[in-house]
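# Examining the three-dimensional arrangement
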Amino acid sequence: VGMITIPNWMFLTSYENIRKFLVRSCHIDSLIHNGRGVWGSDFGSCSFIFRRSGLKGYLGKFKRLFQSQGSVASNEELVKRFLSYPDYFAKSDDFLKIPGSPIAYWVKESLISAFQKFPPLSDLADPRQGLATGNNDEFLRFWPEVDFKKSSLSSHACGQDKKWFPYNKGGDYRKWYGNIENFVNWENDGEKIKNYIDYNGKLRSRPQNTRFYFKESVSWTLLSSSYFGVRYVPEGCIFDINGMSCFPENEVFPVLGFMASKVCFQFLRFLNPTLAFQVGDIKRLPVKVLKDVEFSRNVEELIRLSKLDWDSFETSWDFSEFLLVKFSSGKGEVSSSLQCLRNNWDNAIEKTKSLEESNNKFITSEYGLDKELDPYVSAREITLTCNPYYRYGSNRSEEELETLLQCDTLKELVSYAIGCMMGRYSLDKPGLILASQGDTVRDYLAQISEP
């Protein structure tokens, strides 16, 4: 049988049964994974020949004509790739060794064998989907938009006064810590959300897995265009579908360290190459229990560095003071303060890079993949906001990146200055001062009696 189809049957969990049937009763003689562009701006295509015969151990021939998932190429470019790109050879039987039996023709035996050696992540942790409010416009707010005194983070809120709670909804690609910018209305244990119905009386919300709300977790963003962004989330947060979360039974740091590694990303790339990281994909990851003190310390330090970076901007509710002021030389010269701050950022970027490479090296060794995977991490992969490659993209010159970073830092200085003038912040005390509706000068003086 020769066919041309869209490639969703090759990887999606909803096609698992037909994949197993085909692999057990046939073998793939050849398959060309075209990517997008053959039929214009399509959803991708593949062409293949199945042979209905049991040639055990037969090596089928495979070819991939794209470099990154979702990229579109012209037919002329695809012809060049067909003639120049390497061939892959794989046995259809080997696909059955991988949970879900994806047609992962490019995967080497050393990676496949990990699924036989190690237990699935679901044995060590509970990956879960979270809350679906049914109407985010109704129930979600950016944290600066609400009365902070009614939030669970305020010392003024107690019991029934708590209305707004931190809400993890995924966000952009970022590792280790951050991306929690929203509050959700969970007043009276989510009474309004739990009873949110449409005009026909049908419940619109889906408050699932509520027993995991407010627990410490490892979280990731559902959709990604490049890498797998995994972050630590402390206690006190509700999570949603785009901010799916994993709840380890024992220690959080070893699980986070594995999930943030290059080894884990390699597994995910053939469990689900669409880069939509579902709970089912995470459950199937083969995990070796990594009981290494240095490894866990590295993860803890990476979280600390990422949190310091996240909290150094006003978008964090834990923002305490603007770093350009903190690094002030006392002479009032912005240029010298900026240079000191830039040096501090460079050190943080370099330290993050070194720790990530150390962890990658440790995990590749533990999995016996030293010859398969390079532990190297480029500066472009360091997800700190102070890293211009991450913040602005890597398709710019060094000079342009530095100019953008300097300009934005000076804009943030102006923003902080206005915040101090309006009483939101103060040079006399770190953190938020006035952050709630109706606050007055009297409330300011109650915290800072002699400003």
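Here the structure is shown first, and the text comes after it.
Residues numbered from 1 in each chain as written. Predicted model: local features only at pLDDT ≥ 70, side-chain atom pairs only at ≥ 80, totals over all residues. Heavy atoms only, no water.

Across its full length, the chain holds 16 helices and 13 strands. Residue burial in the chain is summarised as follows: out of 451 residues, 47% are buried. In the chain, the proportion of contacts linking residues at least 24 apart, taken out of those at least 6 apart, comes to 67%. Mean positive and mean negative side-chain charge positions of the chain (56 and 57 charges, respectively) differ by 7 Å. (Helix = DSSP H or I, 4+ residues; strand = E, 2+ residues; numbered from the N terminus. Buried < 20%, exposed > 50% of the residue type's maximum accessible area, 1.4 Å probe, protein only. Contact = heavy atoms within 4.5 Å. Lys, Arg positive; Asp, Glu negative; His and termini not counted. Charge placed at Lys NZ, Arg CZ, Asp CG, Glu CD.)

In this section: helix H9 (residues 262-271). The buried fraction of H9 amounts to seven of the 10 residues, a majority that puts the element mostly inside the structure. Every buried residue belonging to H9 is among Val263, Cys264, Phe265, Phe267, Leu268, Phe270 and Leu271, and all of these are buried. Here the buried face of H9 lies against helix H4 (109-112), helix H5 (114-117), helix H8 (252-259), helix H10 (279-283) and helix H13 (334-366).

With that out of the way, let us pick up the nonpolar core. Soluble globular proteins tend to bury their nonpolar side chains together. Grouped together as the largest cluster of nonpolar side chains are 68 residues, with contacts concentrated most on Phe228, Phe258, Met259, Phe267 and Tyr367. In terms of residue count, the dominant contributor to this core is H9 (seven residues). Setting aside its immediate chain neighbours within four residues, Met259 contacts Leu121, Val218, Trp220, Phe228, Val230, Cys246, Cys264 and Ile282. Residues Ile180, Val233, Leu384 and Tyr392 belong to the second largest nonpolar core, which totals 30 residues. (Core = buried A, V, L, I, M, F, W, Y, C linked by side-chain atoms within 4.5 Å.)

Strand order in the open sheet formed by five strands is S1-S3-S2-S4-S5, and the pairing between neighbours is mixed. Single-partner strands in this sheet number two, and they are strand S1 (2-5) and strand S5 (87-91). Neighbour-to-neighbour, the strand axes of this sheet turn through a mean angle of 20°, independent of strand direction. Two elements, strand S2 (residues 27-35) and strand S4 (residues 59-64), share four bridges in a ladder whose sense is parallel. Looking at S4, one finds that Ile32 is bridged to Lys63. (Pairing = 2+ DSSP bridges. Axes fitted to C-alpha atoms, helices over the stretch in contact; angles between N-to-C directions.)

Moving on, we get to the pairing of strand S6 (residues 125-128). Only one face of S6 is buried: it carries Ala125 and Pro127, and the other face, with Asp126 and Arg128, is open. Across four bridges, S6 lies against strand S13 (residues 245-248) in antiparallel orientation. By the bridge assignment, Pro127 is partnered in S13 with Cys246.

Next up on the list: the packing of H8 against helix H11 (residues 293-311). With their axes 9 Å apart at the nearest point, H8 and H11 run at an angle of 80° to one another. Regarding the angle of H8 to H11, the classification is roughly perpendicular. Facing H8, whose interface residues are Phe253, Pro254, Leu256, Gly257 and Phe258, H11 presents Phe295, Ser296, Val299, Glu300 and Ile303. Looking at side-chain class alone, the contact of H8 with H11 contains seven nonpolar, two polar and one charged residues. (Parallel < 35°, antiparallel > 145°, perpendicular 65-115°, else oblique. Nonpolar A, V, L, I, M, F, W, Y, C, P; charged D, E, K, R; others polar.)

Okay, the side chain of Ser426 next. One can find Ser426 in the loop between helix H15 (398-422) and helix H16 (441-447). Within polar-contact distance, the side chain of Ser426 engages the backbone nitrogen of Asp428 at 2.9 Å. In this structure, Ser426 is in contact with Tyr416, Cys420, Ile433, Tyr444 and Ile448, ignoring residues within four places of it in sequence. (Polar contact = N/O pair within 3.5 Å; in protein donor to acceptor, adjacent residues only side chain to side chain.)

What follows covers the sheet that holds strand S9 (residues 182-185). Taken together, the four strands give an open sheet; going across it, the order is S7-S9-S8-S12, and neighbouring strands pair in mixed fashion. On the outer flanks of this sheet lie strand S7 (140-142) and strand S12 (238-239), each paired with one strand and no other. The pairing of strand S8 (residues 164-168) with S9 spans four bridges and is antiparallel. Looking at S9, one finds that Trp164 is bridged to Asn185.

Mapping Lys149 onto the fold places it in the loop between S7 and S8. Within the structure, Lys149 has its side chain in polar contact with the side chain of Asp439 (distance 3.2 Å).

Glancing now at the pattern of salt bridges. If you walk through the whole model with that rule in mind, you get 25 salt bridges. Across the salt bridge formed by Glu16 and Lys20, the nearest N and O atoms sit 2.9 Å from each other. With Glu16 and Lys20 both in helix H1 (residues 16-25) and four residues apart, the pair spans about one turn of that helix. Given a relative accessible area of 23%, Glu16 falls into the partly exposed group. (Salt bridge = Lys/Arg side-chain N within 4 Å of Asp/Glu carboxyl O.)

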